[in-house]
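Here's the letter readout for the chains.
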Amino acid sequence: MSKVDQFESAFRSASKAVYHLDPPEVRRVLLVTDLDSPEMQQLVDQLRQFLLVLDGAEWQRIGRGEFENVAELLELVERHKPDLVVTYRHLGSDAWKWPFSLGEYLDVLTQASGCPVLVLPHPTEGGAMDHALTDTNVVMAITDHLTGDDQLVNWSARFTARDGVLYLSHVENQNQFERLIETIGKIPSIDTDDARDTILAQLLKEPTDYIQSCKLVLDGSDLSLDVRAVVMIGRRLKEYKKLIEEHAVDMLVMNTKDEYQSAMHGLAYPLAVEIRSIPLLLL
């Protein structure tokens, strides 16, 4: 490696993404259900207690009979112009009996709406964790690329209760990493063992440094949060399920929109389908 290359590598290694705190405003919340009025009111009362972090927000409602298809629902959401949509998986469907999707309304709503969607466990399914919909004392942000994702951190911090715990997590894909190392192993000029250790250390260092930046800023704010890091390599779905159970997570926050495709972001969809027992905030 030339001295110029060495200098460039050292310069890039020293360059770190720095977090900027900018809590989003949530002034209007739109609850979308397929419930009749008495059941809807019961759900609203439960949600107001669960989402004390949104105290002062205006709650609006769309219920049974107000929409017949996805197009009508999207039109209503556009008319209300909410900062947050709250609904549950398999809205308007009995497909909650089969754990293979979010349902057609949510599949479109999460991608077509201009605001985040908070997805609740289905009220009929009965699979919610005991602590789900109680409070947001433990929130976890999850991503396959945390570094520099200020929006994800800001929304996660916004929904974490005062004096609560905010986990900022990054799980490096072990399968992809092993394929990379397998390819490197076929190049005689590269020491495979050294490459494995060096590359993995760098992959985990970047999100760790970014989380430290987040913690430094959030500790200095008036939000009063306990910010904790989870940075590891593993099989993502398995690891996140384990983390949710170990830490009794109340809410997961993740990105769903992908600028390069219409479908939900690659990591988000399997997580959203598989993790059914706690609320998910889909950005």
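Residues numbered from 1 in each chain as written. Predicted model: local features only at pLDDT ≥ 70, side-chain atom pairs only at ≥ 80, totals over all residues. Heavy atoms only, no water.

### With respect to the sheet that holds strand β5 (residues 138-143)
For step 1, the next point in the chain: Here we have 9 strands laid out as an open sheet, ordered β2-β1-β3-β4-β9-β8-β5-β6-β7, and mixed in their pairing. For this open sheet the edge positions go to β2 (58-62) and β7 (226-234), each flanked by a neighbour on one side alone. Mean inter-strand twist for the sheet, computed between neighbouring axes without regard to direction, equals 20°.
For step 2, the next point in the chain: When strand β3 (residues 84-88) meets strand β4 (residues 117-120), the two strands line up parallel, connected through 4 bridges. Within the sheet, the bridge partner assigned to Tyr 88 lies in β4 and is Leu 120.
For step 3, the next point in the chain: Each of β6 (165-173) and β7 touches helix α6 (residues 174-184); the most contacted strand, β6, lies at about 35° to it.
For step 4, the next point in the chain: Relative to the sheet, helix α8 (residues 236-247) contacts β5, β6, β7 and β8 (251-254), its axis offset from that of β6 by approximately 160°. (Pairing = 2+ DSSP bridges. Helix = DSSP H or I, 4+ residues; strand = E, 2+ residues; numbered from the N terminus. Axes fitted to C-alpha atoms, helices over the stretch in contact; angles between N-to-C directions. Contact = heavy atoms within 4.5 Å.)

### Regarding helix α7 (residues 192-219)
For step 1, the next point in the chain: The first and last C-alpha atoms of α7 sit 40 Å apart over 28 residues, in line with the 40 Å expected at 1.5 Å per residue.
For step 2, the next point in the chain: Of all the residues in α7, the buried ones are Ala 195, Leu 204, Pro 207, Tyr 210, Ile 211, Ser 213, Cys 214 and Leu 218.
For step 3, the next point in the chain: Where the residues of α7 are buried, they touch α5 (150-159), β6, α6 and β7.
For step 4, the next point in the chain: For α7, the capping residue at the N-terminal end is Asp 191, with a side-chain oxygen 3.1 Å from the backbone nitrogen of Asp 193. (Expected span 1.5 Å × (residues − 1). Buried < 20%, exposed > 50% of the residue type's maximum accessible area, 1.4 Å probe, protein only. Polar contact = N/O pair within 3.5 Å; in protein donor to acceptor, adjacent residues only side chain to side chain.)

### Here's the deal with the confidence of the model for the protein
For step 1, the next point in the chain: Here the protein shows a mean pLDDT of 89. Residues at 70 or above account for 92%.
For step 2, the next point in the chain: Predicted confidence for residues 3-14 stays below pLDDT 50, and this span has 4 contacts to residues more than four positions away or in other chains. (pLDDT = per-residue confidence, 0-100.)

### Here's the deal with α6
For step 1, the next point in the chain: Residues of α6 that are buried include every one of Phe 177, Ile 181 and Ile 184, and no others. For α6, the arc enclosing every buried residue in end-on projection is 55°, short of the 170-degree limit, so these residues lie on one face.
For step 2, the next point in the chain: Its buried side turned inward, α6 meets β6, α7 and β7.
For step 3, the next point in the chain: Regarding α6, its N-cap is Asn 173, as a side-chain oxygen of that residue lies 2.9 Å from the backbone nitrogen of Asn 175 further along. (Arc of directions from axis to C-beta.)

### Some details on the side chain of Asp 250
For step 1, the next point in the chain: As for its placement among the helices and strands, Asp 250 is situated in the loop between α8 and β8.
For step 2, the next point in the chain: Here Asp 250 is buried and forms no salt bridge, its nearest opposite-charge partner Arg 228 lying at an N-O distance of 12 Å.
For step 3, the next point in the chain: Reaching out from Asp 250, the side chain makes a polar contact with the backbone nitrogen of Asn 137 at a distance of 3.1 Å.
For step 4, the next point in the chain: If sequence neighbours within four positions are ignored, Asp 250 has contacts with Phe 50, His 131, Asp 135, Thr 136, Asn 137, Val 138, Ile 278 and Pro 279. (Lys, Arg positive; Asp, Glu negative; His and termini not counted. Salt bridge = Lys/Arg side-chain N within 4 Å of Asp/Glu carboxyl O.)

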